[in-house]
Amino acid sequence: MKPTRVLKIDPQHIATVLIHEAADVLRAGGLVAFPTETVYGLGANALDAQAVRGIFAAKERPGYDPLIVHLAGAESLAEVACRVPPVALMLAERFWPGPLTLVLPRGPRIPPEVTAGGETVAVRVPAHPVAQALIRAAGVPVAAPSANRFGRLSPTRAEDVLADLDGRIDLLLDGGPTPVGVESTVLSLVTPRPTILRPGGVSRESLELLLGRVEVLAQPVRPQEVAPSPGTLSQHYAPRAKLILYEGPRDALLAALRKEALRLHGAGARVGLFLASEDLPFFEGLPLIMRAAGPARDLETVARQLFTTLRALDEAGVEVILARDFGAAGLGLAVRDRLTRAAGGKVVRVT
Ligand code: AMP
Ligand code: MG
């Protein structure tokens, strides 16, 4: 197995030669991992079924889980969708480039490999300058799921991509850590009312300012039930350690977390806590491994640090992670979604 080539690229001063090299790999049917503003993506030419199959092989991703197609701008929508409703253009105007994915009726040029055989296609325009430059230079729509092995934590740094995919992909553009840190919001526009299939970097509230009421798909969905959004499997985005999520008012939540952590520790387990920064003093001096994702009122930081914090707990060798919830407002909903999936649905509600 040939090690993956890594090209360091400065997002502020993009070296055109590097972009052209990566674009050539994409056009030749190869696989390129690149930074987006959400997480690192693993890209292939979305019009090349063979190349797209390569993504599934590299990630060990099951064929029923469709890919997001990335465009350089909304003007390319007609290349991938057969019908673009006015609401899609309005959302594109407001949120693109950015972490919003729209589910639209599939255009005839998109092979079934991309959409898992379905008649809809998920599309977005990423805001990261490296992603933008790469897609433009490639001149084709780029299918790109997150650049991790299926079911694992999403990669927010180049080293995370290598840890999962070294030797399995042709090229990695290392543009440093990704600024948003959670995946895009997936919004279906083929349902009677706009429906969030996966909460992400664009909040429900900001969508509702534009659209009025937006539904949120009830989760989690079983692996066998393919529709409506296969990425919404209950066990997903998971650290190696077993994770349990605690929801409820802060004081009661922290007390319950502390009690359970000490019980597990007493039973011989290596216990990790996933916390807000201001929670740390509450556990001072206890034999627990603690990591904070950020202050609870700064959800942007918490979202950005979510996956690296979970990775840090895995790297510290914990067997169990007890995680606190960060609420459902703003980016909190995306954080809750990822933690709930990492927990495989094991959520403790304290009152
Ligand atoms: P990833 O890029 O790895 O975060 O995965 C992309 C996710 O987007 C999938 O797992 C699905 O949840 C969602 N998705 C992609 N295409 C569609 C589609 N046509 N309909 C509904 N959801 C989709
Ligand atoms: Mg993914």
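Residues numbered from 1 in each chain as written. Chains lettered and ligands numbered in written order. Predicted model: local features only at pLDDT ≥ 70, side-chain atom pairs only at ≥ 80, totals over all residues. Heavy atoms only, no water.

1. A word on the sheet that holds strand 7 (residues 142-143)
Taken in spatial order, the 11 strands make up an open sheet running 1-8-2-3-7-4-6-5-9-10-11, and their pairing is mixed. The open sheet has two edge strands with one neighbour each: strand 1 (5-8) and strand 11 (215-216). Bridge count for strand 5 (residues 100-105) against strand 6 (residues 120-124) is 4 bridges, and the pairing is antiparallel. Along strand 6, the bridge assignment pairs Leu104 with Val121. Those strands touched by helix 2 (residues 49-59) are strand 3 (40-45) and strand 7, and its axis lies near 145° from that of strand 3. Here helix 8 (residues 204-211) sits on the sheet in contact with strand 5, strand 9 (185-188), strand 10 (195-198) and strand 11, set at roughly 35° to strand 9. (Pairing = 2+ DSSP bridges. Helix = DSSP H or I, 4+ residues; strand = E, 2+ residues; numbered from the N terminus. Contact = heavy atoms within 4.5 Å. Axes fitted to C-alpha atoms, helices over the stretch in contact; angles between N-to-C directions.)

2. Brief notes about the packing of helix 10 (residues 299-315) against helix 11 (residues 332-342)
At a closest axis distance of 9 Å, the pairing of helix 10 and helix 11 adopts a crossing angle of 20°. Here helix 10 lies roughly parallel to helix 11, going by the angle between them. For the crossing formed where helix 10 meets helix 11, the hand is left-handed. Touching Leu299, Val302, Ala303, Leu306, Phe307 and Leu310 of helix 10 are Gly332, Val335, Arg338 and Leu339, all from helix 11. Taken together, the residues of the contact of helix 10 with helix 11 sort by class into 8 nonpolar, 1 polar and 1 charged. (Parallel < 35°, antiparallel > 145°, perpendicular 65-115°, else oblique. Left-handed = near helix turned anticlockwise from the far one by under 90°. Nonpolar A, V, L, I, M, F, W, Y, C, P; charged D, E, K, R; others polar.)

3. Quick word on helix 10
In an α-helix, one turn spans 3.6 residues, which is why side chains three or four residues apart end up on the same side. The end-to-end C-alpha distance of helix 10 is 24 Å, a good match for the 24 Å that 17 residues give at a rise of 1.5 Å each. The largest bend in helix 10 comes to about 50°, at Leu306. Counting buried positions along helix 10 gives 12 out of 17 residues, so the element sits mostly inside the fold. Residues Leu299, Thr301, Val302, Ala303, Leu306, Phe307, Thr308, Thr309, Leu310, Arg311, Leu313 and Asp314 constitute the buried set of helix 10. For helix 10, the elements touching its buried residues are helix 7 (158-165), strand 12 (242-247), strand 13 (271-275), strand 14 (289-292), strand 15 (320-324) and helix 11. Two residues or fewer after helix 10 comes Gly317, characterised by a positive phi angle close to 80°. (Expected span 1.5 Å × (residues − 1). Bend = angle between axes of the 7 residues up to and from the residue. Buried < 20%, exposed > 50% of the residue type's maximum accessible area, 1.4 Å probe, protein only.)

4. What to know about the packing of aromatic side chains
In this structure the tally under the stated criterion is 2 aromatic pairs. Consider the rings of Phe274 and Phe326, whose centres lie 6.1 Å apart with planes at 85°: the pair is edge-to-face. Note that Phe274 is positioned in strand 13 and Phe326 in the loop between strand 15 and helix 11, a separation of 52 residues in sequence. Grouping residues by exposure puts Phe274 and Phe326 together as buried. (Phe/Tyr/Trp six-rings, centres within 6.5 Å; stacked < 30°, edge-to-face > 60°.)

5. Regarding the layout of surface pockets
Reported here for the second largest pocket is a volume of approximately 200 Å³. Contributing elements (two or more residues each) for the lining of the second largest pocket: helix 7 and helix 10. Partitioned by chemical class, the residues of the lining of the second largest pocket number 4 nonpolar, no polar and 8 charged. (1 Å grid on protein atoms, 1.4 Å probe; cavity = no way out; pocket = protein on both sides within 12 Å on 5 of 7 lines; lining within 4 Å. Points joined across faces, edges and corners; volume = space filled by probe spheres on them.)

6. Quick notes on the sheet that holds strand 16 (residues 347-349)
Whether parallel or antiparallel, the strands of a sheet pair through hydrogen bonds between backbone atoms. Strand order in the open sheet formed by 5 strands is 14-13-15-12-16, with parallel pairing between adjacent strands. Either end of the sheet is taken by a strand with one partner, and the two such strands are strand 14 and strand 16. Pairs of neighbouring strands in the sheet enclose a mean axial angle of 20°, with direction left out of account. Two elements, strand 13 and strand 15, share 4 bridges in a ladder whose sense is parallel. Across the sheet, the residue bridging to Val271 is Val320, located in strand 15. Running over the sheet, helix 9 (residues 250-266) touches strand 12, strand 13 and strand 15 and is turned about 175° from strand 15. Taken strand by strand, helix 11 contacts strand 12, strand 13, strand 15 and strand 16, and its axis lies near 135° from that of strand 12.

7. Focus on the nonpolar core
Considering soluble globular proteins, one finds that nonpolar side chains tend to be buried as a cluster. Formed by 43 residues in total, the largest nonpolar core has its most connected members in Leu42, Leu100, Leu102, Leu187 and Leu207. Mapped by element, the contributors of at least two residues to this core are strand 3, helix 2, helix 3 (77-80), helix 4 (86-95), strand 5, strand 6 and helix 7. Apart from the residues lying within four places of it in its own chain, the contact partners of Leu187 are Leu91, Leu100, Thr101, Leu102, Val103, Pro194, Thr195, Ile196, Leu207, Leu211 and Val214. If you look at the next biggest cluster of nonpolar residues, it comprises 31 residues, including Leu245, Ala293, Ala316 and Val318. (Core = buried A, V, L, I, M, F, W, Y, C linked by side-chain atoms within 4.5 Å.)

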